[in-house]
Amino acid sequence: MNKFKGRDIIDINDFTKEDLLFILKTARRFDPDYVKKDRSNYEIAQGKIAAVLFFEPSTRTQQSFSSAAQKIGMGLIGFNDPELTSIHKGESFADTIRIMMAYADVMVIRHPEPGSARKAAEVADIPVINAGDGPNSHPTQTMLDMYTILKVCKRLDNLKIAFVGDPLHYRAFHGQFSALSKFSGNKFYGVSPKGLEMPEEFRNSSYHDVVIDMKNLDKTLTELKPDIVSVGRIPKEYIKGDATKYDFQVTVNTIKGLPRHAIVMHPLPRVNELDPKIDVSPKAVYFKQARNGLYIREALLALVLGRI
Ligand code: CP
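My aim in this report is to walk through the structure given alongside it, one point at a time. (Residues numbered from 1 in each chain as written. Predicted model: local features only at pLDDT ≥ 70, side-chain atom pairs only at ≥ 80, totals over all residues. Heavy atoms only, no water.)

### Quick word on the overall build of the chain
Scanning the chain from N- to C-terminus turns up nine helices and nine strands. Over its C-alpha trace the chain gives a radius of gyration of 19 Å, about what one expects of a compact globule, namely 19 Å for 308 residues. Across the 308 residues of the chain, 54% fall into the buried class. Residue pairs in contact within the chain that sit at least 24 positions apart in sequence constitute 69% of those at least 6 positions apart. Summing over all exposed atoms, the chain offers an accessible surface of approximately 13900 Å²; the carbon and sulfur share of this is 51%. (Helix = DSSP H or I, 4+ residues; strand = E, 2+ residues; numbered from the N terminus. Rg over C-alpha atoms; globule rule 2.2 N^0.38 Å. Buried < 20%, exposed > 50% of the residue type's maximum accessible area, 1.4 Å probe, protein only. Contact = heavy atoms within 4.5 Å. Areas by Shrake-Rupley, 256 points an atom, 1.4 Å probe, with all protein chains shown as cover.)

Below is the structure:
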């Protein structure tokens, strides 16, 4: 049964383990690796309109939501530059949401301000999907990360996950930690330079700091033997002072030292932290991960509209 009809998708912590498993299972319906391409998917939400409102830059989230909406038959409105809307004339955020909800059946919103998606949901009487609210939350990213892990690793429990980069600021790590903590036996390792350790609220007894000089990343990961190397860029926009001191790179050499079955994930965009030479490795799943966002977003749009 679909209990997501009319529901907002704001934060990964609003979902139980069972909710997440239901959404991941629903997403398979749109994934040609599980189900032969089904032309009837184009009829799922015919006549419905998605408002895709991006107040800050995006490639994957914006384009995959737009593609997902059209793949299930929806029409599309929205913007990706608020300066080209009446916000430029001084219209408030709340009024912008009120106006857009009058033209749409579901709203997808990315905004730099933490809490903005929740604020939009309080104003809107249509479902609101958070496509990233600053450093706070990006629940559909976490869901597609979970989908990728389940698809490749065949389980969501008893995994050893290394977060490599900036666990202090990187919201994708926070989302993965929160979601995977709902499953038993997972162990988390924050592999970072000193000063970028995970905040207290994203820790439990399964979380361990591995503070290193990032020049020693290869040796550290070889010894750690993770199932998943979850890499993220250093978000320089949140770091005061010289952030280049935190630079690191996962290379062919790093990959060589990992267990045979290990995978390397990254929400993308990458800057320099993944050497493009590793893209051809079967361990590198990040482009598949981005593609999986399409199936998750098709499922979520259909679910909140009550069309499946
Ligand atoms: N992973 C992600 O959210 O990418 P975009 O910023 O390009 O949407």
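Structure shown, so let's carry the discussion forward.
### Here's the deal with the pairing of strand β4 (residues 128–133)
Burial analysis of β4 places six of its six residues in the buried class, which makes it a mostly covered element. By the bridge criterion, four bridges tie strand β3 (residues 106–111) to β4 in an arrangement that is parallel. Within the sheet, the bridge partner assigned to M107 lies in β4 and is V128. Between the parallel elements β3 and β4, the chain passes through helix α4 (residues 116–123) in a crossover that is right-handed. (Pairing = 2+ DSSP bridges. Right-handed = clockwise from strand over helix to strand, strands pointing away.)

### Brief notes about the side chain of Q289
Here Q289 is to be found in helix α9 (residues 286–304). Under the relative-accessibility criterion, Q289 is labelled buried at 1%. The residues touching Q289, leaving out its near neighbours within four places in the chain, are Q141, L144, D145, T148, M265, H266 and P267.

### Section: the packing of helix α1 (residues 17–28) against helix α5 (residues 139–153)
Between α1 and α5, the shortest axis-to-axis distance is 10 Å and the interhelical angle comes to 70°. Comparing their axes, α5 and α1 come out roughly perpendicular. Along the contact surface, α1 presents L20, I23, L24, A27 and R28, while α5 presents M143, M146, Y147 and L150. Within the contact of α1 with α5, the residues separate by chemical class into eight nonpolar, no polar and one charged. (Axes fitted to C-alpha atoms, helices over the stretch in contact; angles between N-to-C directions. Parallel < 35°, antiparallel > 145°, perpendicular 65-115°, else oblique. Nonpolar A, V, L, I, M, F, W, Y, C, P; charged D, E, K, R; others polar.)

### Thoughts on the pairing of strand β2 (residues 75–79)
Bridge count between strand β1 (residues 49–54) and β2: five bridges; the pairing is parallel. Bridging across to β2, V52 finds its partner in G78. In this region the chain leaves β1, passes through helix α2 (residues 60–71) and returns to the parallel neighbour β2; the handedness of that crossover is right-handed.

### Overview of the packing of aromatic side chains
For the structure on display, the rule yields twelve aromatic pairs. Centroid distance F4 to F22: 5.8 Å. Interplanar angle 25°. Geometry classified as stacked. Taken together, the residues F4 in the segment before α1 and F22 in helix α1 connect sequence positions 18 residues apart. By relative accessible area, which is 2% here, F4 ends up buried. Residue F22 is classed as partly exposed on the basis of its relative accessible area, which comes to 28%. Among the aromatic side chains, those forming a connected cluster through ring pairs are F163, Y170, F173, F177, F188 and Y207. Looking at R28, its charged tip hangs above the ring of Y34, at a distance of 4.3 Å from the centre. (Phe/Tyr/Trp six-rings, centres within 6.5 Å; stacked < 30°, edge-to-face > 60°. Lys NZ or Arg CZ within 6 Å of the ring centre and 35° of its normal.)

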